[in-house]
Amino acid sequence: MQIVKMDDGKEVNASEGKVLKVEDIMGSHIEDPITFWGQSIELIQDLLKMSTALTEICPFAAEVFGDPVPEKIYGGLYSEDQCWYRCKLEKMMNNEKCLMTYVDYGNSETLKKSCIVELPEDLQCPILASKFRLWGLQIPLKQDVTPFDQGRRFLASLINDKIIRVSHRDTAQDGAFLVDAESEGLNIGQEVAEKGFAEKCNAASVHNYEGIKSNTAPMISGRKAEGFQGLSSGSQRVKNMLQSRNGQLGCKPKGRVDAVEHKNRDLKMDGENALVHASVRKTLIQRSPGQKLNMIKMQHDQRLLEDQNEKLRAQNSTYLQNCHLLEGQLKQQQLELKKMEEELKQHQEAELKLSAELKHAVETKLKCLASKVENLKRVRSEFNENRFGNDLSEAVKVITEGCLCALLSMKGLESTWNEYNCAQETLQTCNSVDEVHSLIDQRNEVRSTLYAAAEEFISEVDKLPIGDRVNILKSLACSLDAAYGPYEVEHNSYDVLDQFFEWRNNKLQEFNNVKHRTANSLRVLSEWFDKAMKFFDLTSSTPLSSMEIVTSVDVLLDQAEYDVCTELEISTTPKGEADMKIIHGAFNKVMQKINEEQDLLLVVQNKYVASVQFKEHVGQWLNTYPNVGDLLSIKRSVKNLKAQLRWKLVEKNNLEDLGNYDEVKIQEMKEEIHRLRDKIYEEICCEQKEYDRLGNVVQNWFPELPLLYPEAAIKMYMQSAGLLTNSLERDLFDPEPMRELSNKRPLVCSEVKSQRILLKGYSVDIDTEAKMIERAAKYHQAWSVLKEESGLLPILYLFACKSEPVAYVMVPFYPGWCLKTVQATNPLISAEIINVMQGVAVGLQTLHNSNIVHGALHPHNVFAVNRERGIVGDFDFTKTADQRNIASWMVADKLDLVAPEVRSGQSAAPATDVFAYGCLLLWLNFPKKDFKVNTDGTPDFSDLSMDPKLLSLVSRLICFNPNDRLQVDQVLKDDLFLGFKTPDTIHEETNTSRSDETIVISAFAGEIKSELLGEAAT
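If you're wondering where the values come from, they're calculated on a predicted model, not measured in any experiment.

What counts as what
Residues numbered from 1 in each chain as written. Predicted model: local features only at pLDDT ≥ 70, side-chain atom pairs only at ≥ 80, totals over all residues. Heavy atoms only, no water. Pairing = 2+ DSSP bridges. Helix = DSSP H or I, 4+ residues; strand = E, 2+ residues; numbered from the N terminus. Axes fitted to C-alpha atoms, helices over the stretch in contact; angles between N-to-C directions. Phe/Tyr/Trp six-rings, centres within 6.5 Å; stacked < 30°, edge-to-face > 60°. Buried < 20%, exposed > 50% of the residue type's maximum accessible area, 1.4 Å probe, protein only. Expected span 1.5 Å × (residues − 1). Contact = heavy atoms within 4.5 Å. Polar contact = N/O pair within 3.5 Å; in protein donor to acceptor, adjacent residues only side chain to side chain. Patch = residues over 30% accessible without salt bridge, like charges linked within 9 Å, V, L, I, M, F, W, Y side chains within 5 Å. Areas by Shrake-Rupley, 256 points an atom, 1.4 Å probe, with all protein chains shown as cover. Salt bridge = Lys/Arg side-chain N within 4 Å of Asp/Glu carboxyl O.

(A) Structural view of the pairing of strand β7 (residues 84–92). Relative to β7, strand β6 (residues 73–77) is paired through five bridges, and the arrangement is antiparallel. Bridge pairing links Tyr74 to Cys87 in β7. Bridge analysis of β7 against strand β8 (residues 97–102) gives five bridges, and the strand direction is antiparallel. By the bridge assignment, Met92 is partnered in β8 with Cys98. Between β7 and β8, which follow one another and run antiparallel, lie four residues.

(B) Just the sheet that holds strand β10 (residues 116–118), in detail. Judged by pairing direction, the sheet is antiparallel, and its five strands sit side by side in the order β9-β8-β7-β6-β10 without closing on themselves. Pairing within the sheet leaves two strands with one partner each, and these edge strands are β9 (108–112) and β10. Within the sheet, the average angular offset between the axes of one strand and its neighbour, ignoring direction, is 50 degrees.

(C) The packing of aromatic side chains, seen in detail. Summed over all chains, the structure comprises 17 aromatic pairs. Measuring from ring centre to ring centre gives 6.0 Å for Tyr78 and Tyr85, while their planes differ by 75 degrees; the resulting arrangement is edge-to-face. Judged by relative accessible area, Tyr85 falls into the buried class, the value being 4%. Considering the side-chain rings of Tyr779 and Phe875, the 5.7 Å spacing of their centres and the 90 degrees angle between planes classify their relative orientation as edge-to-face. With Tyr779 in helix α22 (residues 766–786) and Phe875 in the loop between β23 (869–872) and α25 (881–884), the pair connects residues that are 96 residues apart, well separated along the chain. You can call Tyr779 buried: its relative accessible area is 1%.

(D) Up close: helix α18 (residues 629–658). Over its 30 residues, α18 runs 44 Å from end to end, which matches the ideal 44 Å to within 8%, given 1.5 Å per residue. For α18, the set of buried residues is Leu631, Leu632, Ile634, Lys635, Val638, Leu641, Lys642, Leu645, Leu649 and Lys652. Buried residues along α18 sit in contact with α19 (663–700).

(E) Region of interest: the side chain of Lys131. Looking at where Lys131 falls in the secondary structure, it is placed in strand β11 (residues 130–134). A polar contact is formed between the side chain of Lys131 and the side chain of Asp174, at a distance of 3.4 Å.

(F) Up close: a nonpolar patch on the surface. Together, Val362, Leu366 and Phe529 give the surface a local cluster of nonpolar side chains, amounting to about 250 Å² of exposed area. Within the fold, Val362 resides in helix α9 (residues 361–381).

(G) Highlighting the pattern of salt bridges. Enumeration over the complete set of coordinates arrives at 27 salt bridges. For Glu832, the salt bridge identified is with Arg867, shortest N-O distance 3.0 Å. With a gap of 35 residues between them, Glu832 in helix α24 (residues 830–849) and Arg867 in the loop between β22 (862–865) and β23 connect regions that are remote in the sequence. As far as burial versus exposure is concerned, Glu832 and Arg867 are alike and both buried. Where salt bridges share partners, they join Glu31, Lys131, Arg133 and Asp174 into one cluster.

(H) Region of interest: the environment of Val609. With respect to the element layout, Val609 can be found in helix α17 (residues 577–619). Since its relative accessible area comes to 44%, Val609 is described here as partly exposed. Along the backbone, Val609 and Ile458 are 151 residues apart, and their C-alpha atoms lie at a distance of 9.0 Å.

(I) Highlighting unusual backbone geometry. Here Gln82, not a glycine, exhibits a phi torsion of approximately 55 degrees, which is positive. When you line up the elements, Gln82 lands in the loop between β6 and β7. By relative accessible area, which is 49% here, Gln82 ends up partly exposed. With a phi close to 55 degrees, Lys787 is a non-glycine residue in the positive phi region. Its location among the elements puts Lys787 in the loop between α22 and β20 (797–800).

(J) Region of interest: the pairing of β22. Side-chain alternation along β22 places Val862 and Ala864 on one buried face and Phe863 and Val865 on a second face that is also buried. Here β22 runs beside β23; their pairing, made up of four bridges, is antiparallel. From the neighbouring strand, Ala864 faces β23, where its bridge partner is Gly870. A loop of three residues connects β22 with β23, the two strands running antiparallel in sequence, and Asn866 in this loop sits at a positive phi of about 55 degrees.

Below, the structure written as structure tokens:
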């Protein structure tokens, strides 16, 4: 292609005879060392209007719905300047981010969908930027990343924010215009080639640039989306475009183009100025040198005019500021004038008032004085004597004069008592019979010394008025605390009481002086009134002159008023911070001394009570020694009675085996056997009482007894909390065997002294037996705190079988009263459910307070005694809480009672029992409901209609997170139980009909089977 330049400056394609298109553009984005984007200066006005429209529409436009489409133009929030520009989808990066190209500038970046908005149809107009490529150049095939970036920077330095003249040569396959570009007299293509950032190419290469570009794509990956360093943001580019064009025409740029704040009027003016300058520049290029000089002179004159206009604007701004300043000063003067007028009015009113008062000056003065004297009388009558700490002063006298010091005998008593305790501990840990006697002698010697010290201490305390002193200090502390507030401990290095008394004496002296002056001035005034009365009495013969009466009256009135006001001020003014600090310091010191003496008196009282008890209990053992003869005698008696019982049983069995026997004799033998069983049980009860007595003696006074009398088995009794006994045997009972339920362990029912009992047998070895005794003892200790009020099923005895490795637990028997049986025969009503579950909550509270997790709370192990009292049954003491909490038997019909955390492998905890309790409460209220299970393992009760109080409680009992569940003591305080009133009619225990009894026995058998199956699973 041959390009010929004509005389008129136009360039012509000689081969085709076409005039080439020449235009001025402003570069906006560099794509690679030979490709750039730009806008024609003819489109500046459109660009500014577009920027204004986007600024007004986009902040309130709807965000893009779904994924953007490539055919549509959107509004995008540019990250660099936070302004809105038109953009198109280039590529979807992921579900939330898109690669967008700003169509009016050419650069791209990744935007979130929240930064892309829909544009109306009037903004879907053609794009304002074009892509240009330098004619005859191509990027070397093996160009590295660094030269590539350097080439882009170099091209940016030539065209960035400058007006470039481009001559269109052709159009590439990717739509880019192939152009020759000039800027400030430089051939941009030639400069890029000379620097080595591009190379010459033939026409085919130029048209087929896409192939070359694809080879360089890996080197520029990741750069296109971020634009190019050195290029301005969109709104700033428009500003730079205008300034650059004005600068090239020799004009000084004025004003400021801002994409967010400029108005339509300013946009129009700036756009018109830009077009004028562009036309001027074209004229300059096409005209002759003389015309260019004229045009330069015109531009010079225009600059002078603009400078003058700028100065006028500055002067106008100065005048405007001065005007505002003068307006402010005027308003200030007006306010001051108004204030002076108000003050003048007040002065005039005060002058009128003073003039009126002067007419009644004497009356006014006397009235004022009389009013103040009346107030003073009232204040004196109500004056608080504690204003100057009189109560603190009296308290100091009380704590100093009657203070009780440490007793002389108490120190020796404490030392001897410590020595006695050490001797007792040594005896308790002694395991050698040979050494124990010498230790007993040492203990007895120390005990005698302690007895004498206790007698001396008691005698000394009896002589002191400790009780009266305690009452006095308690009353004094209460009164001071009510007067001065809470007591704070202070650690002062100086004596605050001396400071308090010094302050008090000064205040009292000052106040008394003021009172004396007040009384004196009022007395003098009274004497003046007496003289005046005599003077004005015409019948009086007292020689008084008028000057004596009138001369000093004002002075007397002023002095009296001053003294009265002074006393009123002192009497009514609150104490200052310094005064309060002194008073509170003295109060804290007094309270500290009171507390110290109260602590000492408490120690003395406790020591006195302990000494009296020690003297009473040890006095009986000074000359005697406890023995276990009574216990051994009871054991022998039990042994003889058991032998008689066995003999009678043998006789009865022999007679029954003969076949032909006397029914009367057999009945007499049965009655005799029954009497023997009752007598054995009575003897065992006596044995229990003797064990209790000896256990108390061992624990408090003689710890050596278990070592001296091993045959009494006192240590075994104490370790089992009084449960374990060797006197009971399974054969002593008249059992009703439950053969169909004894496949896992022996289980029999019997009756002892008209009380039905249940014997539960557990197979044990040595380790299991020790653990069983330990757990049973802990359970029994928890029950023994409240006993019948504990909400627990009591354990009567614990004994081992002598012929088999089986341990038996003896408990009361409540046939037909477990929840499973009750719900199967005659379900509980709402009032009964609340009564029963309240008792169950008490039982769980008793266990949890003793750090025991039940782990086996299910319908077979909770009893509704007489349908009005709920108790929690015992559990398998051979198993841990985790082993007891098994899903196979922890169910209420189909409702699973195992907490989700236990099913996931966590250990059982009190919250586990709370979950089971909540499920039981839900099951009792809806026994026929087939509950579904949520995904987290909790029962779904969303479709149930229940009382709001019940719903609130259940939702906080069976929630998934164990930390969010209520504790048992919180359950008892819930509104469901607190607001419950016992109904007038309560179900009482009645005789069951034969058919009902059959159902009860069947249900009871079912509950025992369920328990056995559950234990078999472990």
